[in-house]
Amino acid sequence: MKPLLEHTGYGVALRRGDVDTDQIIAAEYCKRLTKSGYADVLFAGWRKDPAFVLNRPASSDASILVAGHNFGTGSSREHAVWALRDWGFAVVIASSFGDIFRRNAFKNGLLAVELPTPVVAELADRVDGDPRAKITVDLAGLEVRSGGLRHAFAVEARARQLLLEGLDEIAVTLAQDRAITTYEKSRGDWLPSVPNTPLRPVCPSTAKRRLI
Amino acid sequence: MTIASTAAGRMATGRTLVEKVWDSHVVMRAPGEADLLYIDLHLIHEVSSPQAFDGLCLSSRTVRRPDLTLAVEDHNVPTDSLLVLDPMGKAQVETLRKNCAAHGIELFRLGDRRQGIVHVVAPEHGFIRPGMSVVCGDSHTSTHGAFGALAFGIGTTDVEHVLATQTLPLPRPHTMAVEFTGVPAADVTAKDLILALIAHVGANGAHGHVIEYRGRAIELLSMEGRMTLCNMSVEAGARAGLIAPDQVTYRYLKGRPGMPDGTTWERAVAHWETLRTDEDAVFDRVVRIDVSALTPFVTWGTNPGQAVPLASRVPTPESFADAQQQAAAHRALAYMGLASGTPMDSIEIDTVFIGSCTNGRIEDLESAAAVLRGRSVAPGVRMLVVPGSTEVRHQAEVRGLHRVFTEAGAEWRLSGCSICLGMNADRLTGPARCVSTSNRNYEGRQGLGVRTHLASPAVAAATAVTGRLTAPSCLPQRGTV
């Protein structure tokens, strides 16, 4: 991944709380085998409404989504992050996030920035009033800036370092192979392992093609 | 020396159950850094794993511990046949088969008698034990906390990380005790306990925390009930939810496949007995709920926190404390096509779904069958009973439950995730209104425009009889309907 220090772009406000990942991308669109190509199905249900914010021409090149509380709650589907990124979003700002979504976002270079509710509301008012208002999210300086607004945010140290340096997290962990191997030797003998076994076919009555 | 209680708490040496299980999995810890946590069991399924295997392949990496990895086909499978007809679903299932074969990973595939929903299958085949760490690319992995295991859902990038390293770097979570005080009435199930909790704290009320469920009401629950409860921890925003292991746990485990016996079993139990919160341990947060007056709960809105007692009415948006909740209530009422003040038990439904990783176990089917025995599904109502696993289906048939369902007019189907989520061949179309024993009532979760009311299996079965949301205790005597 390329190092990511900051992002500047236009914002669009999605004034809804508890936006779950089923809304961001419905399960029926999570059947693809790729990590990209999901832009067309982002918020597919809501985009059927012509008045939905993402359908406004003025917001077509927005790269910062200003959302409500508990954004990305629910299913762990990483497709939600891929869809937002594919649409062109580089940042989501919200007063709180679903835990798994936020973790998934950082791993894909989508900044999930948590700010206090009044600050999020001010940003939403600002981008609604002027879709050309620029917002800068500074990951190195841990600060969001827009016009006169300036607010600090916090990010877990490791996630920030990985993004700033563009590191491959798996490579970082694999460098600790010796510690992992040492730990493995101390594991309890009561822990399960999963043997490889042949298929055990279901009984014929269950295998009937059509059922009651 | 006297120390103020909070300070004393901070200085206490006691640890919570969550901290004990967490600490025992730390491979590496450095100040200010995330802990590197070892993963004892990695469950995978066809939807969240293909891109992870791709990534592994692109980096020429291998699966570190195929012997600690179990794959199950569940999200995309049909429940009326053993053939996946949808081309994209079929491609995902075939990709999983190919990846498991290439990496030597055990797969319970469609047509195998061990197939089912991953969170039903893993415990019933003895793969979940107290004190373990378990992950899966599925948010309902929290189910396995019922055994005193630290179990949580992850995204696809983390699936790849676990495949390659059998570890995950994770920040230490906050701890939250949920104390259920009092003893619930006989008709109050684990589903009602968890719906009442989420309604109380909100859909993000346990954000950033791992919950430990405590109290007499928890001790009285079966393993099936505990799994239902822990399953929906994530709907309260929690990372995971755990219950300390006890005799109920050991009875469930004893004799399951691969379970240790003899002295190894005794040593295991001796270790599991230490997995309880020390008396001087301090939780970051404590929530207490008196369940002695609780009655069956159902959802009225579009997130699992929008739930009320079935005996009450659809709330007014103005009854909520803050503007955000009020706006959410307005939106939810519009989507659900409901008016404030409507008695919940007057809401008519057309579909009943019994199944899912929340309520698809044998006890759930028993509970629904007990209500349905000698009664019929109301005209115009479609009822689907989808066992959580092929094994559960078999157990139910041995007990004759399938005849209770089919004689009442319900469909008796094969196991899978089914209409919990609109992904496989089982799909509803709006504006269907479904009472569902699953875990999410989000907009469109069961199909575009579909309205979902979450409830327990007993309430779902009673609702099937009358065609409107109904508590079992409100059903007319058998033979009078």
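Conventions used here
- Residues numbered from 1 in each chain as written.
- Chains lettered and ligands numbered in written order.
- Predicted model: local features only at pLDDT ≥ 70, side-chain atom pairs only at ≥ 80, totals over all residues.
- Heavy atoms only, no water.
- Helix = DSSP H or I, 4+ residues; strand = E, 2+ residues; numbered from the N terminus.
- Rg over C-alpha atoms; globule rule 2.2 N^0.38 Å.
- Buried < 20%, exposed > 50% of the residue type's maximum accessible area, 1.4 Å probe, protein only.
- Contact = heavy atoms within 4.5 Å.
- Areas by Shrake-Rupley, 256 points an atom, 1.4 Å probe, with all protein chains shown as cover.
- Lys, Arg positive; Asp, Glu negative; His and termini not counted.
- Charge placed at Lys NZ, Arg CZ, Asp CG, Glu CD.
- Buried area = accessible area lost by both parts, 1.4 Å probe.
- Salt bridge = Lys/Arg side-chain N within 4 Å of Asp/Glu carboxyl O.
- Polar contact = N/O pair within 3.5 Å; in protein donor to acceptor, adjacent residues only side chain to side chain.
- Nonpolar A, V, L, I, M, F, W, Y, C, P; charged D, E, K, R; others polar.

**Points about the overall build of chain B**
The helix and strand tally for chain B stands at 17 helices and 19 strands. What you see for chain B is a C-alpha radius of gyration of 22 Å, in line with the 23 Å of a compact globule of 481 residues. Each of the three principal axes of chain B carries a C-alpha extent, and together these read 65 × 60 × 45 Å. A total of 481 residues make up chain B; the buried ones form 65% of that total. Across chain B, contacts joining residues at least 24 apart in sequence account for 75% of those joining residues at least 6 apart. Only carbon and sulfur atoms are counted for the fraction: they give 52% of the accessible area of chain B, which is about 16000 Å². Placing the 44 positive and 49 negative side-chain charges of chain B at their respective mean positions leaves the two points 2 Å apart.

**Examining helix α9 (residues 223–231) of chain B**
Extensive coverage of α9 of chain B is indicated by the burial of nine of its nine residues. Burial in α9 of chain B covers these residues: Met223, Glu224, Gly225, Arg226, Met227, Thr228, Leu229, Cys230 and Asn231 of chain B.

**So, the interface of chain A and chain B**
Listed as interface residues are 74 residues of chain A and, on the opposing side, 97 residues of chain B. Buried surface at the junction of chain A and chain B, both sides included, amounts to about 7100 Å², of which 53% is carbon and sulfur. Its largest share of buried area at the contact with chain B, chain A owes to Lys31, Trp190 and Val194 of chain A, together 12% of the area lost on that side. Where Arg61 of chain B meets Asp168 of chain A, a salt bridge forms, and the shortest distance between an N and an O atom there is 2.8 Å. Scanning the region where chain A abuts chain B turns up 46 residue pairs in polar contact (both at pLDDT 80 or more). Breaking the side of chain A that touches chain B down by element, the ones donating at least two residues are α1 (21–24), α3 (79–87), α4 (99–107), α6 (157–165), α7 (169–174), α8 (177–185) and α9 (204–207) of chain A. With six residues, α8 of chain A is the single largest residue contributor to the side of chain A that touches chain B. The residue makeup of the side of chain A that touches chain B, split by class, is 27 nonpolar, 21 polar and 26 charged.

**Brief notes about the environment of Phe108 of chain B**
Residues and elements named next belong to chain B. Note on placement: Phe108 falls in strand β5 (residues 106–108). Given the relative accessible area of 2%, Phe108 is considered buried. The spacing of Phe108 and Asp74 is 34 residues in sequence and 9.4 Å in space, taken between C-alpha atoms. Sequence-distant contacts of Phe108, defined by excluding residues within four places in its chain, comprise Leu70, Ala71, Val72, Glu73, Arg114, Gln115, Val121, His125 and Phe127.

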